[in-house]
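An overview of the molecular structure
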Amino acid sequence: MQLIQQSPDLSAYLVADEVIDHHHPLVRETAARLADNATDSYVYAQSAYEFVRDAIPHSADSGDPRVTWRASDVLAKGTGICHAKAHALTALLRAEDIPTALCYQRLTHDAGTGHCLHGLVAVRFQGAWHRQDCRGNKPGVDAQFSLSGERLAWVPDPESNEVDYPVLFAVPHAAVLRTLKEAPDRPYLWENLPDTL
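Residues numbered from 1 in each chain as written. Predicted model: local features only at pLDDT ≥ 70, side-chain atom pairs only at ≥ 80, totals over all residues. Heavy atoms only, no water.

Some details on the packing of helix α2 (residues 41-55) against helix α5 (residues 82-95)
Quick note on the threshold: Inter-axis angles, ranging from 0 to 180 degrees, are taken between N-to-C directions of lines fitted to C-alpha atoms, where helices are fitted over the stretch in contact. Each helix is a run of DSSP H or I of at least 4 residues and each strand a run of E of at least 2, with the numbering of both proceeding from the N terminus. Put simply, angles under 35 degrees are roughly parallel, angles over 145 are roughly antiparallel, angles from 65 to 115 are roughly perpendicular, and the rest are oblique. Left-handed describes a crossing whose near helix is turned anticlockwise from the far helix by less than a right angle; the clockwise case is right-handed. Here a residue-residue contact requires only that any non-hydrogen atoms of the pair lie within 4.5 Å. Residues are grouped as follows: Ala, Val, Leu, Ile, Met, Phe, Trp, Tyr, Cys and Pro are nonpolar; Asp, Glu, Lys and Arg are charged; all remaining types, including Gly, are polar.
Where α2 meets α5, the closest approach of the two axes is 10 Å, and the angle between their N-to-C directions is 155 degrees. When the interaxial angle is binned, α2 and α5 end up roughly antiparallel. Read as a crossing pair, α2 and α5 show a hand that is right-handed. Residues Y44, A45, A48, Y49, F51, V52 and R53 of α2 lie in contact with α5, whose contacting residues are K85, A88, L89, L92 and L93. A class-by-class count of the residues in the contact of α2 with α5 yields ten nonpolar, no polar and two charged.

Here is the structure:
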């Protein structure tokens, strides 16, 4: 799949805002701790990915009812759904000047209620974008950091009306962010996630 930058300006994928708040002290502190053990930006990116994937449980897997959406809150509370975890990883990568985009897939909703949007990221290395899925592994899901072929949590099935969206967003999609902000808890969020871009 040919990935398409929403913004032609690569610097848009380094910006901090209210969601990807990589200027926040907790994001900076976490990034600095991870960078201490990294020999280069690739090793740092893999470490940040594995930290978000493994150390921050996906709230649906853990049963945590809290909803997070701001990167610093995901790190502080240690929980989030795929979108929130993607925001946290984006902030950690941008904190170390690694261009990072937000990406989406339309997948069959695991609650059996149609479809929902799934969030992941893309990092820019070696002049190309590489998608990564930090939602967290579980039985049947084995996502890995990779620049040599995607190792995502899921591969969309077109026969089930699932879709890989090729657009690389510099900021979270408005419908996703609005739903995260308005949700009083994860069960509500789970039933009200957008199902298409």
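Quick word on the side chain of H87
Stated formally: Relative accessibility decides the category of a residue: with a 1.4 Å probe and only protein chains considered, values under 20% of the type maximum give buried, values over 50% give exposed, and everything between is partly exposed. In protein, a polar contact means a hydrogen-donor-capable atom and an acceptor-capable atom, both N or O and within 3.5 Å, with residues adjacent in sequence counting only if both atoms are side-chain atoms; elsewhere, any N or O pair within 3.5 Å suffices.
Secondary-structure assignment places H87 in helix α5. Residue classification places H87 among the buried residues on the basis of a relative accessible area of 1%. A polar contact of 2.8 Å, which involves the side chain of H87, links it to the backbone oxygen of W69. Apart from the residues within four sequence positions on either side, H87 is in contact with V19, I20, W69, A71, L102, P172 and L180.

Concerning the sheet that holds strand β5 (residues 163-164)
What holds strands together in a sheet is hydrogen bonding between their backbones, with the strands either parallel or antiparallel. For clarity, the threshold we go by: Any two strands with at least two DSSP-identified bridges between them are counted as paired.
Pairing is antiparallel across the open sheet formed by four strands, whose spatial order is β4-β3-β2-β5. Both outer strands of the open sheet, β4 (128-132) and β5, are each paired with one neighbouring strand and no more. Bridge analysis of strand β2 (residues 100-108) against β5 gives two bridges, and the strand direction is antiparallel. Paired with R106 across the bridge in β5 is V163. The sheet contacts of α5 involve β2 and β3 (115-125), and relative to β3 the element is tilted by about 15 degrees.

Some thoughts on the pattern of salt bridges
The test is simple: Salt bridges are identified by distance alone: a Lys or Arg side-chain nitrogen within 4 Å of an Asp or Glu carboxyl oxygen.
The full count for this structure, using the stated rule, is ten salt bridges. With a shortest N-O distance of 2.7 Å, D61 and R135 are connected by a salt bridge. Placement of D61 in helix α3 (residues 59-62) and of R135 in the loop between β4 and β5 is noted, with a sequence separation of 74 residues between them. Judged by relative accessible area, which is 38%, D61 ranks as partly exposed. Judged by relative accessible area, R135 falls into the buried class, the value being 4%. Measuring nitrogen to oxygen at the nearest pair gives 3.9 Å for the salt bridge that ties D61 to K138. With D61 in helix α3 and K138 in the loop between β4 and β5, the pair connects residues that are 77 residues apart, well separated along the chain.

Here we look at α5
Quick note on the threshold: Expected helix span is taken as 1.5 Å per residue step, with the number of steps being one fewer than the number of residues.
The end-to-end C-alpha distance of α5 is 20 Å, a good match for the 20 Å that 14 residues give at a rise of 1.5 Å each. With respect to burial, α5 is a largely interior element, 14 of its 14 residues being buried. D97, located one to two residues past α5, shows a positive phi value of around 60 degrees.

Some details on the packing of aromatic side chains
Given two aromatic rings, one states the distance between the centres and the angle between the planes to describe the pair. Definition in use: Two rings belonging to Phe, Tyr or Trp (six-membered ring only in the last case) form a pair when the distance between their centres is within 6.5 Å. Interplanar angles under 30 degrees mark stacking, angles over 60 mark edge-to-face geometry, and anything in between is tilted. Should the NZ of a Lys or the CZ of an Arg lie within 6 Å of a ring centre and within 35 degrees of the ring normal, that charge is described as sitting over the ring.
Taken as a whole, this structure holds five aromatic pairs when the rule is applied. When the centroid spacing of 5.1 Å and the interplanar angle of 65 degrees are considered together, the rings of Y13 and W129 count as edge-to-face. Taken as a pair, Y13 in the loop between β1 (4-5) and α1 (25-36) and W129 in strand β4 lie far apart in primary sequence, 116 residues in all. Of the residues examined, W129 reaches a relative accessible area of 12% and is grouped as buried. Every member of this aromatic cluster is reached through a ring pair, and the members are Y42, Y49, F125 and F145. Stacked on the ring of W69, the Lys or Arg K181 has its end atom at 4.8 Å from the ring centre. The positively charged end of R186 is found above the aromatic ring belonging to W190, 5.8 Å away from the centroid.

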